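Chain by chain, the residues:
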Amino acid sequence: MVGGGSLSLPLAFHQAGKMFLGPLLLIAVAHIVKQSIILLVDAAVLSHPVDSKPEKAHVKGTKSFESVAFEAFGPKARQFSMGLIWTICFFTIIGYAVLLRDMLLPFSDAIFGAKEADGSTPSDGPSLHHNLTMLAVILLVTPLCTMKNLTSLDKVGALSMLSIFSVACCVAYRSFQCNFSPAFEDRRLMPWSEYINYVPDTKHGFLSAIHDLLNAVPILLSVFMCHFNVLPVHNELSNPTSARVEKLFSTSIWGAGVFYLFVGVSGSMYGNCSPDGMVKGNVLLSFDKDDTLLVIGRLCLSLTITLAFPVLVVPCRDVTLRAFASHDCEGDCNQFEVIDDSNDSHDPRDVIDELAEPLLGDNSLINEDGPNHPQQNVEKNTQRIIVSIVIFWCGAAVACVVQNVDVVWEILGSSLSLMMGFVIPASCFLVILRRVLTTTLDSSRDEEARISDDEFQSLPTSLQDYRTKTGKQKMASFLVVFFIGMMLLLSGNNLFNLF
């Protein structure tokens, strides 16, 4: 969850209010994201009852984002959700490539020079030299993006977290110096107490303040979006009871939230030492290119971004391959049924089942040589590599013409992330819960009142919760209505910014 997108939070805090409304909105978003993740997990548990059987408590689950959409709304919803996952991953690849180019600016200028070939200073847009440096790193990391799964990278998560935390500490240190050190007296615009704002600035009018707030909200939303990875993580859990699952995701979300507060508040305060009084969409671009401390921070973030590319490309690629396999099935495939591998014929359903969990795998169970189907495995590996390279390099090519990373985050946060993070999980939860209750309680309007204690105890644990905790249903209904409205509002604001 925590990645390069957190570097846009200082701008969001500056626009929304550094010391009150910005942090308040971030906390509210964290709470709502936690609720939406719980609703998604509950919908998955209800729609995959086989995984909830006691004998399956220590067996890997089969749930996925698109399978929940399929159970709620049918095949078209599965195709739509797969397309949504693909689009979000692809846009995030573009955003991370832009961030990588920004982080490599000092090194690109050191290699090629800070001027263009004709001796002119580059414009604000990306130059050829900057893009070439970024593409060189893209080339180096390409082999990692063609792996079958990410098991071999499962040890680098801690390194990535350490890197991004190091960047945050560098930003916070320079921000502290900016506002309190005598060495920054000539650059400081005003005393720190005067620079603080609590709500959007209204000096250009109330409508301008509302516009700034609407620009900040997509950034605050997009940094928490991890929903397409939630169910693969849930599948890996041993004995995933409701209490344990909620504790796991609550710890992750609130831990990220505390880090985001730290980055947002400290980074936004560095705007007091910038010429225009505000930080850039990527806060590191607000610092001098020759700042030694921030050069170290850029190196750390470059490492984090580079290691994040496979995490984005692999799910995007596997969704593409599952879509190809589903098309080959001509609508007759059921991706959730057990497939018989006893014959040697090629069945597209094998591909769907194999790619259902794109993130992690058990290497002890993987036989890359495929003794039973050597030719088929070679074809699959070739297809996997080609699709990975095409997706990764198409994203890098688009990034070459994108000037600012905040444009990407606005597109993601204004519509795509809201649909995946809130509208679809809440809608699926409501539909699946209603269906399960209707089926279990024999389609009676007052069936919950008529059910006996023995019958009630036989229901899934998650279903027992909903007879006494109707708040989840109310929360789901609220999320659907509220975020459909937010999608329309933020998308309109995004179009206004673009045109």
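Residue positions within a chain follow its written sequence, with the count starting from 1. The predicted nature of this model means local features are confined to residues of pLDDT at least 70 and side-chain atom pairs, given and counted, to a pLDDT of 80 or more, with totals for whole chains, interfaces and linings taken over all residues. Note: side-chain values were computed over all heavy atoms of the structure, leaving out hydrogens and water.

### Structural notes on the overall build of the protein
Then, in step 1: Across its full length, the protein holds 19 helices and zero strands.
Then, in step 2: For the protein, buried positions account for 53% of its 499 residues.
Then, in step 3: Within the protein, contacts between residues separated by at least 24 positions form 83% of all contacts whose residues are at least 6 apart in sequence.
Then, in step 4: Surface accessibility follows the Shrake-Rupley procedure with a 1.4 Å probe radius. Residue values consider only the protein chains on display as shielding. With the model as given, the accessible surface of the protein reaches about 23,300 Å², and the carbon-plus-sulfur share is 62%. Under the scheme used here, helices are H or I runs from DSSP no shorter than 4 residues and strands are E runs no shorter than 2 residues, and both carry numbers assigned from the N terminus. Only protein chains enter the accessibility calculation, which uses a 1.4 Å probe; a residue is then buried when its area is under 20% of its type maximum, exposed when over 50%, and partly exposed in between. The contact rule is simple, with two residues in contact once any of their heavy atoms fall within 4.5 Å.

### So, the environment of Leu-40
Then, in step 1: The residue Leu-40 is located in helix α2 (residues 21-47) in this model.
Then, in step 2: For Leu-40, the residues in contact, after removing those within four places along its chain, are Phe-65, His-227, Val-230, Leu-231 and Pro-425.

### Some remarks on the nonpolar core
Then, in step 1: One finds Phe-224, Leu-284, Phe-309, Phe-422 and Phe-483 to be the most contacted residues of the largest nonpolar core, which totals 122 residues.
Then, in step 2: Per-element accounting of this core gives the leading share, 19 residues, to helix α15 (residues 405-440).
Then, in step 3: In contact with Phe-483, other than residues within four places in its own chain, are Ile-32, Leu-221, Leu-418, Phe-422 and Val-423. Take the buried residues of types Ala, Val, Leu, Ile, Met, Phe, Trp, Tyr and Cys, join any two whose side-chain atoms come within 4.5 Å, and each joined set is a nonpolar core.

### Description of the packing of α2 against helix α10 (residues 227-236)
Then, in step 1: Packing of α2 against α10 leaves a shortest axis separation of 10 Å and a crossing angle of 50 degrees. Overall, the two elements α2 and α10 adopt an arrangement that is oblique. Read as a crossing pair, α2 and α10 show a hand that is right-handed. Here Val-33, Ser-36, Ile-37, Leu-40, Val-41, Ala-44 and Val-45 of α2 lie close against α10, whose contacting residues are His-227, Val-230, Leu-231 and His-234. Every axis corresponds to a line fitted to the C-alpha atoms, with the helix fit spanning only the stretch in contact, and the corresponding angles, defined between N-to-C directions, vary from 0 to 180 degrees. To sort the angles, those under 35 degrees are grouped as roughly parallel, those over 145 as roughly antiparallel, those from 65 to 115 as roughly perpendicular, and the leftovers as oblique. Put simply, a crossing is left-handed when the front helix is turned counterclockwise from the back one by less than a right angle, and right-handed when it is turned clockwise.

### Notes on the environment of Asn-493
Then, in step 1: By the element assignment, Asn-493 lies in helix α19 (residues 471-498).
Then, in step 2: Sequence separation between Asn-493 and His-211 is 282 residues, and the spatial gap between their C-alpha atoms is 7.6 Å.
Then, in step 3: Excluding its chain neighbours within four sequence positions, the residues that come into contact with Asn-493 are His-211, Leu-214 and Asn-215.

### With respect to the state of the cysteines
Then, in step 1: We call a pair of cysteine sulfur atoms a disulfide whenever their separation is within 2.5 Å. Counted by the stated rule, this structure contains one disulfide.
Then, in step 2: Through a disulfide, Cys-178 is tied to Cys-273; the S-S separation comes to 2.1 Å. For the disulfide bridge between Cys-178 and Cys-273, the dihedral angle about the S-S bond is near 110 degrees, and by the sign convention the bridge is right-handed. Of the two residues, Cys-178 is situated in helix α7 (residues 157-180) and Cys-273 in the loop between α11 (242-268) and α12 (292-329); the sequence distance between them amounts to 95 residues.
Then, in step 3: You can call Cys-178 buried: its relative accessible area is 0%.
Then, in step 4: The thiol of Cys-89 is not disulfide-bonded; the next cysteine sulfur, from Cys-316, is found 5.4 Å away.
Then, in step 5: By relative accessible area, Cys-89 is classed as buried at 0%.

### A short note on the packing of aromatic side chains
Then, in step 1: Only rings of Phe, Tyr and Trp enter the pairing, Trp through its six-membered ring, and a pair is recorded when the two centres are within 6.5 Å. The plane angle decides the type: under 30 degrees is stacked, over 60 is edge-to-face, the rest tilted. Taken as a whole and assessed by the stated rule, the structure comprises 12 aromatic pairs.
Then, in step 2: For the ring pair Phe-165 and Phe-259, a centre distance of 6.5 Å and an interplane angle of 40 degrees mean the geometry is tilted. You can see Phe-165 sitting in helix α7 and its partner Phe-259 sitting in helix α11, a full 94 residues away along the chain.
Then, in step 3: When its relative accessible area of 44% is taken as the criterion, Phe-165 is described as partly exposed.
Then, in step 4: Between Phe-259 and Tyr-260 the ring centres are 6.2 Å apart and the planes differ by 55 degrees, which places this aromatic pair in the tilted class. Both residues of the pair, Phe-259 and Tyr-260, count as buried.
Then, in step 5: The structure contains a cluster of three or more aromatic residues connected by ring pairs, namely Phe-165, Phe-224, Phe-259 and Tyr-260.

### Digging into the confidence of the model for the protein
Then, in step 1: For every residue, the predictor states its confidence as a pLDDT score lying anywhere from 0 to 100. For the protein, the mean per-residue pLDDT works out to 80, and 77% of the residues sit at or above 70.
Then, in step 2: Contacts of residues 357-371 to residues separated by more than four positions or lying in other chains number 37 contacts, the stretch itself having pLDDT below 50.

### Section: a nonpolar patch on the surface
Then, in step 1: Two distance rules govern patches: like charges are joined within 9 Å, and nonpolar side chains (Val, Leu, Ile, Met, Phe, Trp, Tyr) within 5 Å, applied only to residues with over 30% relative accessible area and no salt bridge. By salt bridge we mean one thing: a side-chain nitrogen of Lys or Arg within 4 Å of a carboxyl oxygen of Asp or Glu. A cluster of nonpolar side chains, Met-19, Phe-20, Leu-24, Tyr-198 and Val-199, forms an exposed patch at the surface whose accessible area comes to about 480 Å².
Then, in step 2: Relative to the helices and strands, Met-19 resides in the loop between α1 (9-16) and α2.

### Some points on the pattern of salt bridges
Then, in step 1: All told, the structure shown has eight salt bridges when counted by the stated rule.
Then, in step 2: In this structure, Asp-201 engages Lys-203 in a salt bridge whose closest nitrogen and oxygen atoms are separated by 4.0 Å.
Then, in step 3: The class of Lys-203 is exposed, set by a relative accessible area of 64%.
Then, in step 4: A salt bridge links Arg-317 to Asp-318; its shortest N-O distance comes to 2.9 Å. Judged on exposure class, the residue Arg-317 and its partner Asp-318 are both buried.

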